[in-house]
Amino acid sequence: MTVDIKHLDHKGSGRGSTWRENDEGNPKKLRLIVPQTLPGETVKVTVDRPDRKKWRTNPQEILTTSPERVEPPCPHFEKCGGCIWQHWNYSGQLNYKTAHVKQILEHKGYDKGLVRETIGMEDPWHYRNKMEFTFSPEGDLGLHEQGNFRKIIPLETCLIAGETMVDATMVVSEWVKDHQLEGYDKDLHEGLLRHLMVRQSFATGEIMLALFATKAPEGPLQQAADDLVARITERCPNVKSLLWLENTDWADRAQSEKDHVLAGRDFINDEMAGYRFRLWFDTFFQTNPLQAAKLVELALEMGQPKKTEKMIDLFCGVGTFSLPFADRVKELAGIELVESSIESAKRNAEDNGLSNTRFLAKDARKGIDQMLESFGKPELLLIDPPRSGAGGKVMRRIGRAQPQRIVYVSCNPESFAEDLQELEPFGYTLKEVQPVDLFPHTFHVELVTIIELKEK
């Protein structure tokens, strides 16, 4: 059967519908999810279960091709679930992201004219400074198959990771095979190797390799661990942190119960927007450093911080925005739930010679009340929440605090629009929205926005 691709869903796959007779000869409308297709294309598909109303199927043949379709350069594209838009030319991706943001805000009643064109990258490849790869039970190292979390695609290359990161990853993969080490089986909850996290500072060149395993690197594993150190030391001189992290939890997350430093230190040094940061394996840091620096630049441009002002940075993390803003305001207070991030923020402020900051480890809702009581009312507030947004309770607390200007940095236009509506009863108006492409070849888009209190 054929289907016309009308739009893309929230995961970036093509969506369309068609009619088909069921076993009783009655027409039935099928809503289809067709990955690796583009709006305006007509594709031939096969549906094995026509009794279902919604079905995911791969295209057998592209009958009408979008003029924006290109040949994907990655050999893993058709199976890998990492960057699913490699078949779309980059200008088409950027135009779609701009239109997507405009559509969401217009649907919520806002002027789409406030949205600027999405800022892209000059070179949208090898932009990620952090990757998390997974081991299959057989010991293959790679990424999850698209739509199948149980299947691992063995890694040959990765065109969105830093090139030296991929080189170091391949050394680990070779080491696993040579020692015939087994991976972790998620169904049986047994096996040794679970994940490999690789992060690199594009500014300093330093690399961290963090191997997550269910056992310690001792006893029968000591020889293999020593060989890993020797190989990395000889072939990957940029690796300044080689970690073996024990994780026996059933949850499939890159977390650690006990840390072992095999070589180097337990952190690497990085820089962004002229400020120094220390990054541990569990430190949240923007994964596209070039575009993240653009976020900071835009936030400063929109926020217009002044030396006479107080400022609160909500969801401050390790201080990515806090440090450059602290240099430009009288006092800055940062709030973040994760205690390790707050300790990092304090240390980063000290490393950069900033003495006008204070940081609080608390959830946003309670933390903002406590900080307002001790710190006072801020003229400027910056918020950079997770994908789920800040939520109504936090936004209403911000509204009652009445900061003059709010810089809202968002990785999810939908949750941003919902949070924005919570501020309207408190006299706030949206002034500008700048989309930034931090994740080329994916459907994600970041926003930097400025929201101002109306003059009474």
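Here, every reference points to the structure presented above.
About the thresholds
Residues numbered from 1 in each chain as written. Predicted model: local features only at pLDDT ≥ 70, side-chain atom pairs only at ≥ 80, totals over all residues. Heavy atoms only, no water. Pairing = 2+ DSSP bridges. Helix = DSSP H or I, 4+ residues; strand = E, 2+ residues; numbered from the N terminus. Axes fitted to C-alpha atoms, helices over the stretch in contact; angles between N-to-C directions. Contact = heavy atoms within 4.5 Å. Buried < 20%, exposed > 50% of the residue type's maximum accessible area, 1.4 Å probe, protein only. Right-handed = clockwise from strand over helix to strand, strands pointing away. Parallel < 35°, antiparallel > 145°, perpendicular 65-115°, else oblique. Left-handed = near helix turned anticlockwise from the far one by under 90°. Nonpolar A, V, L, I, M, F, W, Y, C, P; charged D, E, K, R; others polar.

Engineer: Please give an account of the sheet that holds strand 13 (residues 239-246) that cites residues and values.
Structural biologist: The pairing of strands in a sheet comes from backbone hydrogen bonds and takes either a parallel or an antiparallel form. Strand order in the open sheet formed by seven strands is 10-9-8-11-12-13-14, with mixed pairing between adjacent strands. Of all strands in the sheet, those with a lone pairing partner are strand 10 (148-154) and strand 14 (258-264), marking the two edges. For this sheet the average axis-to-axis angle between neighbouring strands, irrespective of direction, equals 35°. For strand 11 (residues 193-200) and strand 12 (residues 207-213), the ladder comprises seven bridges, and the chain directions are antiparallel. Along strand 12, the bridge assignment pairs Gln200 with Ile207. Sheet strands touched by helix 2 (residues 163-178): strand 8 (130-135), strand 9 (141-145), strand 11, strand 12 and strand 13. Its angle to strand 11, the strand with the most contacts, is close to 155°. Along the sheet face, helix 3 (residues 222-235) touches strand 12, strand 13 and strand 14 and points at about 160° away from the line of strand 13.

Engineer: Residues and numbers for the pairing of strand 13, please.
Structural biologist: Of all eight residues making up strand 13, seven are buried, and the element is well covered by its neighbours. Here strand 12 runs beside strand 13; their pairing, made up of seven bridges, is parallel. Within the sheet, the bridge partner assigned to Phe212 lies in strand 13 and is Leu245. Handedness of the strand 12-helix 3-strand 13 crossover: right-handed.

Engineer: Got a sec to walk through unusual backbone geometry? Specific residues and values, please.
Structural biologist: At Gln36, a residue that is not glycine, the phi angle is positive and equals roughly 65°. Within the secondary structure, Gln36 is located in the loop between strand 4 (27-34) and strand 5 (42-44).

Engineer: How would you summarise the sheet that holds strand 1 (residues 2-4) if you had to cite specific residues and measurements?
Structural biologist: Read from one edge of the open sheet, three strands run 1-5-7, paired in antiparallel fashion. Each end of this open sheet is capped by a strand with a single partner; those strands are strand 1 and strand 7 (61-64). If you compare each strand with its neighbour and ignore which way they point, the axes differ by 30° on average. Sheet topology places strand 1 next to strand 5; three bridges connect them, and they run antiparallel. Bridging across to strand 5, Val3 finds its partner in Val43.

Engineer: Give a detailed account of the packing of helix 2 against helix 3, specifying residues and quantitative values.
Structural biologist: The interhelical angle for the contact between helix 2 and helix 3, taken along N-to-C directions, is 150°, at an axis separation of 10 Å. As summarised for this structure, helix 2 and helix 3 are arranged roughly antiparallel, according to the angle between their axes. Where helix 2 crosses over helix 3, the handedness of that crossing is right-handed. Of helix 3, the residues touching helix 2 (which contributes Val171, Val172, Glu174, Trp175 and Asp178) are Ala224, Ala225, Asp227, Leu228, Arg231, Ile232 and Arg235. The residue inventory of the contact of helix 2 with helix 3, partitioned by class, reads seven nonpolar, no polar and five charged.

Engineer: Would you mind going over the environment of Trp125 in detail, with residue names and values included?
Structural biologist: Mapped onto the elements, Trp125 comes out in the loop between helix 1 (90-107) and strand 8. With relative accessibility at 23%, the residue Trp125 sits in the partly exposed group. Between the C-alpha atoms of Trp125 and Gly113, which are 12 residues apart in sequence, the distance is 30 Å. Leaving out residues up to four positions away in the same chain, Trp125 has contacts with Pro73, Gln86, Leu159 and His441.

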